[in-house]
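The residues making up each chain are set out below.
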Amino acid sequence: ANIDFSDPYYDSLQSLLVRTDSGIESINDLDGKNVGVQQGTTGESYATENATGAALVQYPSDGELWPAMQSGQIDAILQDQPVNLEHEKADDTYKIVETYNTDESYGFAFLKGERTELVTAVNEALQELRDSGEYQEIYDTYFTAN
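Residues numbered from 1 in each chain as written. Predicted model: local features only at pLDDT ≥ 70, side-chain atom pairs only at ≥ 80, totals over all residues. Heavy atoms only, no water.

J.: Looking at this structure, I do not really get helix α3 (residues 81-90). What am I missing?
T.: Residues three or four positions apart in an α-helix share a direction because the helix packs 3.6 residues into each turn. Those residues of α3 that fall on the buried side of the exposure criterion are Gln81, Pro82, Asn84, Leu85, His87 and Glu88. Looking at the buried side of α3, the elements it contacts are β2 (10-19), α2 (62-70), β5 (76-80) and β6 (94-106). (Buried < 20%, exposed > 50% of the residue type's maximum accessible area, 1.4 Å probe, protein only. Helix = DSSP H or I, 4+ residues; strand = E, 2+ residues; numbered from the N terminus. Contact = heavy atoms within 4.5 Å.)

J.: What am I meant to see in the pairing of β5 here?
T.: As a general feature of sheets, a regular strand has side chains that alternate between the two faces. With 4 of its 5 residues buried, β5 lies for the most part within the structure. Note that β2 and β5 share 5 bridges and pair antiparallel. Looking at β5, one finds that Leu16 is bridged to Leu78. Pairing analysis gives 2 bridges linking strand β3 (residues 34-38) to β5, with the strands arranged parallel. Bridge pairing links Gly36 to Ile77 in β5. (Pairing = 2+ DSSP bridges.)

J.: Just checking my understanding: could you explain the environment of Leu126 for this structure?
T.: Mapped onto the fold, Leu126 is located in helix α4 (residues 116-132). Residue classification places Leu126 among the buried positions, given a relative accessible area of 8%. Distance in space between the C-alpha atoms of Leu126 and Glu137 is 13 Å, their sequence separation being 11 residues. When neighbours within four sequence positions are excluded, Leu126 is seen to be in contact with Ser6, Asp7 and Tyr9.

J.: Got a minute to help me understand the side chain of Asp62 in this structure?
T.: You can see Asp62 is positioned in helix α2. Notably, Asp62 is buried but unbridged: the nearest opposite-charge side chain belongs to Lys89, and the N-O separation is 13 Å. At a separation of 2.8 Å, a polar atom in the side chain of Asp62 contacts the side chain of Gln79. For Asp62, the residues in contact, after removing those within four places along its chain, are Gln38, Pro67, Gln79, Val83 and His87. (Lys, Arg positive; Asp, Glu negative; His and termini not counted. Salt bridge = Lys/Arg side-chain N within 4 Å of Asp/Glu carboxyl O. Polar contact = N/O pair within 3.5 Å; in protein donor to acceptor, adjacent residues only side chain to side chain.)

J.: Explain the nonpolar core to me, please; I cannot follow it from the model alone.
T.: A general feature of soluble globular proteins is that nonpolar side chains tend to end up buried together. Residues Leu16, Ile27, Leu30, Val35 and Leu78 are the most contacted members of the largest nonpolar core, which totals 14 residues. Of all the secondary-structure elements, those providing two or more residues to this core are β2, β3, α1 (42-50) and β5. Within the second largest apolar cluster, 11 residues are counted, among which are Leu17, Trp66, Ala68 and Ile74. (Core = buried A, V, L, I, M, F, W, Y, C linked by side-chain atoms within 4.5 Å.)

J.: I'm lost on the sheet that holds strand β4 (residues 55-59) in this one. Help?
T.: By way of backbone hydrogen bonds, the strands of a sheet pair with one another, either parallel or antiparallel. If you trace the 5 strands from one edge of the open sheet to the other, you get β4-β3-β5-β2-β6, paired in mixed fashion. Looking along the sheet, the strands with just one partner apiece sit at the ends: β4 and β6. Here the average twist between neighbouring strands, direction ignored, is 20°. Packed on one face of the sheet, α3 meets β2, β5 and β6 and runs near 45° to β2. (Axes fitted to C-alpha atoms, helices over the stretch in contact; angles between N-to-C directions.)

J.: Teacher, can you tell me more about the side chain of Thr102 here?
T.: For Thr102, the location among the structural elements is in strand β6. Among all residues touching Thr102, those that are not within four sequence positions of it are Gln14, Thr42 and Tyr46.

Following this line, the structure appears as structure tokens:
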């Protein structure tokens, strides 16, 4: 109601990040495990609905989730895939074992009705990047694990 959005620039997934030696291979392996989620997010909602038997531990942001995972306070993190991809890239003792489609997209946000020219310019720039192939290069650089 208060924000205008640009065209989507990224179709996000949720993902499950675990230690490579955890034995956790899917959301079905989380019974009795502590699973970190960011409070008030789609990841939390998805985990609440689908991580049967898991103890959900809420954190305000990834800034608290990641250290909790590294220190062994939680067994897994269920959150947006791009954030977990960065952890997977940074430390090979962690891996994403599953992704979940929740029909979410990222876009740029603007104050409702006050930046229509800027929204149009951003949308045009995104389309130019897609048409030139540069968008795919950017995507492959920043939104994939390898």
